[in-house]
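Chain by chain, the residues run as shown.
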Amino acid sequence: MFSLDLFLNALVAGVLLGGFYAAVSLGISIAFGLLDVVNIGHPIFVILGSYAAFVLNDAYGLDPLLSGVLFAPVFFLIGVVVYQVYYLSFERKGESPLRGLVFFFGLLFIIEVALLLKFGVDYRLIEAPYIGRSIHIGEVGIAFRLLVPCVVGLLMTLAITQFLSRTFYGRAIKGVAQDSLALRLMGIDPVRIKTIAFGLGIATASVAGALLIMISPVEPSIGRAYIGRVFAIAVLGGLGSIGGTLTAALILGIAESLTATFSGPSWSLAVSFGILLLVLAVRPAGLFGR
Amino acid sequence: MMRRWPVVGVLIAAAFALSCVGDAGAQATKQPIRIGFGMALTGGLAANGQGALLAMQIWRDDVNKAGGLLGRPVEFTYYDDQTNGSTVPGIYTKLLDVDKVDLVVSGYGTNLIAPAMPIVMERKLLFMGLFGLGNNEKHKYSRYFQIAPNGPNPAGSFSEGFFELAARQNPKPKTTALVGDDAEFPQHALVGAREHAKRLGIQVVYDKTYPPSTVDYTPIVRAIKATNPDIVFVASYPPGSTGMILAAQEVGLEPKMFGGGMVGLHFTSLLTKLGPKLNGIVDYGFWVPEPTMKSPGVEAFLQKYQPAAVKAGVDPLGFYLPPWAYAMMQVLGQAIEATKGLDQQKLAEYIHAKEFDTVVGKVKFGPDGEWLKHRTVAMQFQNIKGNDVEQFRQPGKQVVLWPDEFKSGNLIYPYSAARK
Amino acid sequence: MQARWLLALAGVLIVGAFVVTRTVDNRYVYFAAYGILQYVLLATAWNILGGYTGYVNFGTGAFFALGAYTSVFLIQAVQAPLVVLIVAGGLVSGLLGFGIGYLTLRLRGVFFSIATLALAVVLETMMVNWEYVGGAKGISIIRPSAGPLFTNYVQLLFVVMAALAMGAVAVAWFIEHSRIGRGFATIRDNEEAAECMGVPTLRLKLLATTVSGCLMGIAGAPFPYYITFVEPVSAFNLSYAVNSLAMPMVGGTTSWVGPIIGAVLLGTLQQLATVTISSELNLLIVGVVLVAFVVLAPEGILGLLRRGTRRTRA
């Protein structure tokens, strides 16, 4: 059953999937990795992004990616508000992140229900001219439906790493992660910085949601299926390392794809999470952890 | 700090208050016949569950408009089972012991019927089942009736048409791939598909399952393509159906027949978005708007259902489940009228003995409560153009190929010919 | 002195539960109570690890389901009686707890949580692919007869679950009032410091993961007879993980009373919501209550009570 052709295709499919996973996990990587905010509700913001893309696509035939970008500022604002509530209720009082976890679980349910009430329980899909098409390079076929999310995921990762290392705010965000007291001494308000960072994380969900609905049909509760994956990726990559997140996303994507091709798709998720367990047992801080 | 207490208190009080409101409506009229059930209104099966509920409510309103059953109005008491089997025992005991309903019917789907079975069996109640697969196989309970037309071999009914049609082709396909979701319905359908493939001498060259949360289906499709099967049978839930169809076209998997047991290709939301990508796919079906499937009342039912569905935000076509939910209630209603009472034993005996005229046609149950003869059809999508929803209401788009008594057109074979 | 009183109280409650089965015939009460008691057990189990040592387990569903599937296996293989199922479920899940504790010894905080989440996925995949216990299709379980003491099996299950929940609470109480509990607290507050002080943190952590896992398995063991149809989706349901974490949070994590309060309150609320509102709104209520509690009552109801009494004294 093994052939070079299959192997190459599986590898490419894995990379494509990994790029998409990176897009979905970026927000977690920022919130959880850099800010220590256990935003377990991140996947529901992704689903929210999917529905935003769906609405514009259904009504005006707008390209999902475009609406993903259009909605990003709105999502940024949502993120700002959520973080303010979170900060006032938990961080300011020095509560453990654990309580925040329950808070985000609650938030996840509330948004899920809001989507259910508004859109019902049907699976939603979008139309775009490139869905269902693919290009072939030699023996390797690449579906546009997966290529676009991968490329966008890579670009987003690149943009965020650049932002974090090159700009003032970016470096401040990294500073917050390491030493917020030092930041305060420099006259920068760490809360403001964290608010911006969290908003940025939620803004990525807008784009990631658009990518998700490009790949597969969406229904309000499917976000739950991503909780495990995104946290696995963030942790596998090592907290605080955006590049690590990308690597971990690619590893998981390739592992899933190879398992699906060569042994049995039924085991693909178990293999991914098995890898995570192994890495955690051997290298507790993840692959690129601080 | 004490100020916070009232807020929490108000929240709890509000919840309780809401609960009282829910109860109040139930005691309005004198001596109604009360029918209770749990239904998936949230969770994985909610799209179908809400459609079924709507159909049942239409039945209730129809009956009440015509003067009720035995001159008594019909009322429903129903709870959301959240597509979670653990809620079902509580729901049915509540219905029976607290609400004291006269009759119970099942919620939608095998996993949600099963936990109710011991409760109804213990009390020897008549139990109408809505789309359960083999729920009564172990119990052999004589007062259980299931409305989906799966017949005596439920698992095999979804694939029989697909493989029978394949076997009729010349040259006969020699190999098949079987693939499906790691979930209840697809697994049953795959068991049936294996039986039929074996019976008809078609060799299985690929037989694997994937988790329902799979994102990318192209690796699976490539692995299938590498085994070069003549036909490909897919048993899937909506995300898998969509994923497999898109991936097959991207990878260029073009077997001679493709499809089989794909759930979701009956719902408007997927049909309109997949549009022409559906052409050539053979799928199982229960009811489609073909002239050969017309039965008295189904048009009238759909005319009531469709506008109501748009309003309620559920599947606006309603070909898959709603007519059957309506038919299930019709059987129950007719039995109540005929036996002139609510005696569970008499009702069950009557339902066993008689043939019923329903919106889905004539229904006759076998000894195990399944249809005496199975009537799941195989259909093919043909001539789908664009993404307009209206075309799916017209004949000639979802052509019935099998069984012969409902046949409304011919299989376009091979699959690639229908894709042109 | 207090211990003896509590023990007596527990005894009275169990006898009371039994007496209830003699007098109340409304079976809904038993199903509803079973569900709530099951959550008392799960929340208490979760709290032994999560509340006392501060290690958050996301994989309650995995331990619970493992208990349930151990039962399914034993029912399939040898028609084992309920007592055996409970002991076996506890042992197997306890072993898993020990294993995950051992594997993740070096993991701190949230990393441990993610590991338990991963564990749940791996385990669910295994059950999905294990045909003997039903696989993805699920398996139908026929209840045995209830025996001479009870008129139906549900009453038996109710009394058994009441006893198990009481047992779990007793274990939690014992831990809290022993040196072990103080050891656990030092891990929660500052693991490094505790280690330097000579607290055997490793052994204590292993003890906590094992006991907690074992109790969760025990909670899952009677599940096949409760639901009579076991399939991975309901056995591994996310609601077990969410509830077993949320209930102690709502009640208060530092004391054995907290999980009980939380489980009774949230469990009752959910049961009520299921059989009254019956729409998407009942999920909304759970969400709103979770958010409201963690925002408004950060230390749970116990914290509120404590603060309340402090204020009145002052």
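Asks: Describe the overall build of chain B, and please don't skip the residues or the numbers.
Replies: Scanning chain B from N- to C-terminus turns up 14 helices and 14 strands. Since a compact globule built from 420 residues should have a radius of gyration of about 22 Å, the 23 Å found for chain B is in line with a globular shape. For chain B, the C-alpha atoms occupy an extent of roughly 65 × 65 × 40 Å along the three principal directions. For chain B, buried positions account for 60% of its 420 residues. Sequence separation of at least 24 residues holds for 72% of the intrachain contacts in chain B that already meet a minimum separation of 6.

Asks: Can you explain the sheet that holds strand E4 (residues 127-130) of chain B? Please cite residues and give values.
Replies: Residues and elements named next belong to chain B. Strand order in the open sheet made by the five strands is E2-E1-E3-E4-E5, with parallel pairing throughout. Edge positions in the open sheet fall to strand E2 (74-80) and strand E5 (144-146), since each of these has one partner strand only. When the angles between neighbouring strand axes are averaged without regard to direction, this sheet yields 20°. In this sheet, E5 lies alongside E4 in parallel orientation, the contact comprising three bridges. Note that in E5 the partner of Met128 across the bridge is Phe145. Strands strand E1 (33-39), E2, strand E3 (103-108) and E4 of the sheet are contacted by helix H2 (residues 46-65), whose axis makes an angle of about 165° with E2. Sitting on the sheet, helix H3 (residues 88-98) is in contact with E1, E2 and E3, with an inclination near 170° to E1.

Asks: Got a sec to walk through the pairing of strand E13 (residues 377-381) of chain B? Specific residues and values, please.
Replies: Residues and elements named next belong to chain B. Burial analysis of E13 places five of its five residues in the buried class, which makes it a mostly covered element. The two faces of E13 match: Val377, Met379 and Phe381 on one face and Ala378 and Gln380 on the other face are all buried. Pairing between strand E10 (residues 282-285) and E13: four bridges, direction antiparallel. Residue pairing for E13: Gly285 is matched across the bridge by Val377.

Asks: Tell me what's going on with the packing of helix H3 (residues 60-78) of chain C against helix H5 (residues 110-128) of chain C, and back it up with residues and numbers.
Replies: Residue and element names in this part refer to chain C. One can describe the packing of H3 onto H5 by two numbers: an axis separation of 9 Å at closest approach and a directional angle of 25°. Relative to H5, the element H3 lies roughly parallel. Where H3 crosses over H5, the handedness of that crossing is left-handed. Across the interface between the two elements, Gly61, Ala62, Ala65, Leu66 and Tyr69 of H3 pack against Leu119, Ala120, Leu123 and Met127 of H5.

Asks: Describe the domain arrangement of chain B, naming the residues involved and giving the relevant values.
Replies: Residues and elements named next belong to chain B. Here chain B is partitioned into domain 1 (29-151 + 299-364) and domain 2 (154-292 + 376-418). Placing the centre of domain 1 and that of domain 2 at their C-alpha centroids yields a distance of 29 Å. Tallying the contact residues gives 17 residues for domain 1 and 14 residues for domain 2. Looking at the side of domain 1 that touches domain 2, the elements with two or more residues in it are helix H4 (110-113) and helix H12 (322-339).

Asks: Could you give an account of the nonpolar core, with specific residues and numbers?
Replies: Val104(B) and Met328(B) are the most contacted members of the largest nonpolar core, which totals 373 residues. A per-element tally of this core places helix H2 (residues 27-50) of chain C first, with 17 residues. Counting contributing residues, this core receives three or more from each of domain 1 (29-151 + 299-364) and domain 2 (154-292 + 376-418) of chain B. If sequence neighbours within four positions are ignored, Met328(B) has contacts with Val105(B), Met128(B), Leu130(B) and Ile147(B).

Asks: Could you give an account of helix H8 (residues 218-226) of chain B, naming the residues involved and the relevant values?
Replies: All names here are of chain B. Most of H8 is tucked away: eight of the nine residues are buried. Where H8 is concerned, the buried positions are Thr218, Pro219, Ile220, Val221, Arg222, Ala223, Ile224 and Lys225. Two residues or fewer after H8 comes Asn228, characterised by a positive phi angle close to 50°.

Asks: Can you tell me about the interface of chain C and chain A, naming the residues and giving the values?
Replies: Tallying the contact residues gives 33 residues for chain C and 33 residues for chain A. For the side of chain C that touches chain A, the leading source of residues is H5(C), giving 11 residues. Among the residues forming the side of chain C that touches chain A, the class breakdown is 27 nonpolar, four polar and two charged.

Asks: Tell me what's going on with the interface of chain B and chain C, and back it up with residues and numbers.
Replies: In many reports, interface size means the accessible area that the parts give up when they come together. Taken together, the contacts link 40 residues of chain B with 45 residues of chain C. Broken down by class, the residue content of the side of chain B that touches chain C amounts to 19 nonpolar, 12 polar and nine charged.

Asks: Give a description of the sheet that holds strand E14 (residues 398-402) of chain B that names residues and reports values.
Replies: Residue and element names in this part refer to chain B. If you walk across this open sheet you meet the seven strands as E7-E6-E8-E9-E10-E13-E14, and the pairing is mixed. Looking at strand neighbours, the two that pair on one side only are strand E7 (203-210) and E14, the edges of this open sheet. On average, adjacent strands in this sheet sit at an angle of 25° to one another, irrespective of strand direction. Across five bridges, the pairing between strand E6 (residues 175-181) and strand E8 (residues 231-236) is parallel. Within E8, the position partnered with Val179 by the bridge is Val234. Helix H7 (residues 184-199) rests against E6, E7, E8 and strand E9 (257-262) of the sheet, and its axis sits at about 170° to E6. Across the sheet, H8 touches E6, E7 and E8, and the angle it forms with E6 is around 165°.

Asks: Explain unusual backbone geometry to me, and be specific about the residues and the numbers.
Replies: Residue and element names in this part refer to chain B. For the bond from Asn170 to Pro171, the omega torsion is 0°, close enough to zero to count as cis. You can see Pro171 is positioned in the loop between helix H6 (154-168) and E6. Residues Tyr413 and Pro414 are joined by a peptide bond in cis, for which omega reads -5°. Mapped onto the elements of the fold, Pro414 is located in the loop between E14 and helix H14 (415-418). The phi torsion at Gln82 lies on the positive side, around 60°, for a residue other than glycine. On the secondary structure map, Gln82 appears in the loop between E2 and H3. If you check the backbone angles, Lys100 has positive phi at about 50° while not being a glycine. With respect to the helices and strands, Lys100 occurs in the loop between H3 and E3.

Asks: So what about the packing of H2(C) against helix H6 (residues 153-176) of chain C? Which residues, and what values?
Replies: Residue and element names in this part refer to chain C. Here H2 crosses H6 at 25°, and the two axes come no closer than 9 Å. Overall, the two elements H2 and H6 adopt an arrangement that is roughly parallel. At the point where H2 passes H6, the crossing takes the left-handed sense. Residue composition of the contact of H2 with H6, grouped by class: 20 nonpolar, four polar and one charged.

Rules used throughout
- Residues numbered from 1 in each chain as written.
- Chains lettered and ligands numbered in written order.
- Predicted model: local features only at pLDDT ≥ 70, side-chain atom pairs only at ≥ 80, totals over all residues.
- Helix = DSSP H or I, 4+ residues; strand = E, 2+ residues; numbered from the N terminus.
- Rg over C-alpha atoms; globule rule 2.2 N^0.38 Å.
- Buried ≥ 20, exposed ≤ 12 C-beta atoms within 10 Å, placed from the backbone.
- Contact = placed C-beta atoms within 7 Å.
- Pairing = 2+ DSSP bridges.
- Axes fitted to C-alpha atoms, helices over the stretch in contact; angles between N-to-C directions.
- Parallel < 35°, antiparallel > 145°, perpendicular 65-115°, else oblique.
- Left-handed = near helix turned anticlockwise from the far one by under 90°.
- Domains from an automatic or database assignment.
- Core = buried A, V, L, I, M, F, W, Y, C linked by C-beta atoms within 7 Å.
- Nonpolar A, V, L, I, M, F, W, Y, C, P; charged D, E, K, R; others polar.

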